[in-house]
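Secondary and tertiary structure notes
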Amino acid sequence: NAGVTQTPKFQVLKTGQSMTLQCAQDMNHNSMYWYRQDPGMGLRLIYYSASEGTTDKGEVPNGYNVSRLNKREFSLRLESAAPSQTSVYFCASSDLRSGMIYRHFGDGTRLSIL
Amino acid sequence: DQQVKQNSPSLSVQEGRISILNCDYTNSMFDYFLWYKKYPAEGPTFLISISSIKDKNEDGRFTVFLNKSAKHLSLHIVPSQPGDSAVYFCAALMGGKSTFGDGTTLTVKP
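For the structure given in this document, a descriptive report is provided here. Counting from 1, residues in each chain are numbered in the order their sequence is written. A letter from A marks each chain and a number from 1 marks each ligand, given out in the order of writing. Residues qualify for local features only when their pLDDT is at least 70, as the model is predicted, and side-chain atom pairs are given and counted only at 80 or more; totals for whole chains, interfaces and linings, by contrast, use all residues. For the side-chain quantities, the full set of heavy atoms in the structure was used; hydrogens and water were omitted.

**What about the overall build of chain A?**
Helix and strand counts for chain A stand at 0 helices and 11 strands. Note on conventions: DSSP H or I runs of at least 4 residues are helices, E runs of at least 2 residues are strands, and numbering of each starts at the N terminus. Walking chain A from its N terminus toward its C terminus, one meets helices and strands in the order β-β-β-β-β-β-β-β-β-β-β. Radius of gyration here is computed from C-alpha atoms only, and the compact-globule reference equals 2.2 Å multiplied by the residue count raised to the power 0.38. Radius of gyration (C-alpha) of chain A: 13 Å, near the 13 Å computed for a compact globule of 114 residues. Each principal axis of the C-alpha atoms in chain A carries an extent, and together these give about 45 × 30 × 25 Å. A simple rule labels every residue: compare its accessible area, found with a 1.4 Å probe on the protein chains alone, to the largest value its type can have, and call it buried under 20%, exposed over 50%, or partly exposed in between. Within chain A, the fraction of its 114 residues that count as buried is 48%.

Here is the structure:
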């Protein structure tokens, strides 16, 4: 999945700890997204940023905050991690060209909260 | 209330044949639809998208069909290859928000 880089790839946290997941894209896309995927389910949108300087809530925003640092970077923060936030987190970026949407994902961050 | 549904959890086809993956949606306001495939331990890979104003889009072996009256979307893969074995997700977009189906596992047998 060239173009969208997520760090870290794996992380184990204790309940109540905080951490920030980093995401960067080098495709000059305007829009960026954070999703989570739980076993047997599709991706659910946590937050998105339609353009630099804007962020909006998705389907499951509770317990998360985001920051669109610049056009390239979009970070996701867990202020006080809970076991229910154990999941695989995917960042994506998107562009509209010639009337078609192109959306690319990173390889994911596997987060376990004990 | 699940707005995007992939009713078949799995599909098995023979190499060289056509694979048809289906997706139904309920909200007529969706303006774009996308298909992804996902291998274990990797991020989703974008395959193809279609605008709600079109009824067909092709890219190589992949063709997406949109039937707005039936609120139905399908992905055709021709010919199917063993490397196509993966989980396939459809997604519907409205404004900046996206809704994903739960996925269909495609197995292509040699």
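**Let's talk about the packing of aromatic side chains**
The pairing test for Phe, Tyr and Trp rings, Trp by its six-membered ring, is centres within 6.5 Å, and the orientation test on the planes gives stacked under 30 degrees, edge-to-face over 60, and tilted for anything in between. For the structure shown, the criterion picks out 14 aromatic pairs over all chains. Here A:Phe90 and A:Phe105 contribute two aromatic rings whose centre-to-centre distance is 6.5 Å and whose plane-to-plane angle is 80°, an arrangement assigned as edge-to-face. On the criterion of sequence distance, the pair formed by A:Phe90 in strand E9 (residues 87–97) and A:Phe105 in strand E10 (residues 100–105) is long-range, its members being 15 residues apart. Both residues of the pair, A:Phe90 and A:Phe105, belong to the buried class. Here the aromatic cluster, defined as three or more aromatic residues joined through ring pairs, consists of A:Tyr33, A:Tyr35, A:Tyr48, A:Phe90, A:Tyr102, A:Phe105, B:Tyr36, B:Phe46 and B:Phe100. Criterion for a charge above a ring: Arg CZ or Lys NZ at most 6 Å from the ring centre, at most 35 degrees from the ring normal. Sitting above the plane of the A:Tyr33 ring, A:Arg103 keeps its charged end 3.8 Å from the centroid.

**Here's the deal with the interface of chain B and chain A**
One frequent convention defines the size of an interface as the accessible area lost when the parts assemble. Listed as interface residues are 23 residues of chain B and, on the opposing side, 23 residues of chain A. Two parts placed together each lose some accessible area under a 1.4 Å probe, and adding up what both lose gives the buried area. When chain B packs against chain A, close to 1,900 Å² is buried across both sides, 59% of that on carbon and sulfur atoms. Salt bridges are identified by distance alone: a Lys or Arg side-chain nitrogen within 4 Å of an Asp or Glu carboxyl oxygen. Summed over the shared surface of chain B and chain A, the result is 0 salt bridges. Whenever two N or O atoms come within 3.5 Å, that pair is a polar contact, provided that in protein one can donate a hydrogen and the other can accept it, and provided that, for residues adjacent in sequence, both atoms are side-chain atoms. Across the contact surface, chain B and chain A share 3 residue pairs in polar contact (both at pLDDT 80 or more). Counting only elements with at least two residues in the side of chain B that touches chain A, the list comes to strand E4 (32–38), strand E5 (45–51), strand E9 (86–94) and strand E10 (97–100) of chain B. Looking at the side of chain B that touches chain A, the element that brings in the most residues is E5(B), giving 5 residues. When residue character is reported, Ala, Val, Leu, Ile, Met, Phe, Trp, Tyr, Cys and Pro are called nonpolar, Asp, Glu, Lys and Arg charged, and the others, Gly included, polar. Across the side of chain B that touches chain A, the residue classes break down as 10 nonpolar, 8 polar and 5 charged. For this analysis, residues touch if any pair of their heavy atoms sits within 4.5 Å.

**Some details on the sheet that holds strand E3 (residues 19–25) of chain A**
Residue and element names in this part refer to chain A. Should DSSP find at least two bridges between two strands, the strands are regarded as paired. Taken together, the 4 strands give an open sheet; going across it, the order is E1-E3-E8-E7, and neighbouring strands pair in antiparallel fashion. Looking at which strands have only one partner, the edges of the open sheet turn out to be strand E1 (4–7) and strand E7 (64–68). Recorded for the sheet is a direction-independent mean angle of 15° between the axes of neighbouring strands. Relative to strand E8 (residues 74–78), E7 is paired through 5 bridges, and the arrangement is antiparallel. Paired with Val66 across the strands is Leu76, a residue of E8. Fitting a line to C-alpha atoms yields each axis, with helices limited to the stretch in contact; the angle taken between N-to-C directions then spans 0 to 180 degrees.

**Points about the state of the cysteines**
Residue and element names in this part refer to chain A. Disulfides are defined as pairs of cysteine sulfur atoms found within 2.5 Å of each other. What the rule picks out here adds up to 2 disulfides over all chains. Here Cys23 pairs with Cys91 through a disulfide, and the sulfurs are 1.8 Å apart. The S-S bond linking Cys23 to Cys91 shows a torsion near -75°; that makes this disulfide left-handed. Taken together, the positions of Cys23 in strand E3 and Cys91 in strand E9 put the pair 68 residues apart, joining distant regions of the chain. Considered together, Cys23 and Cys91 belong to a single accessibility category, that of buried residues.

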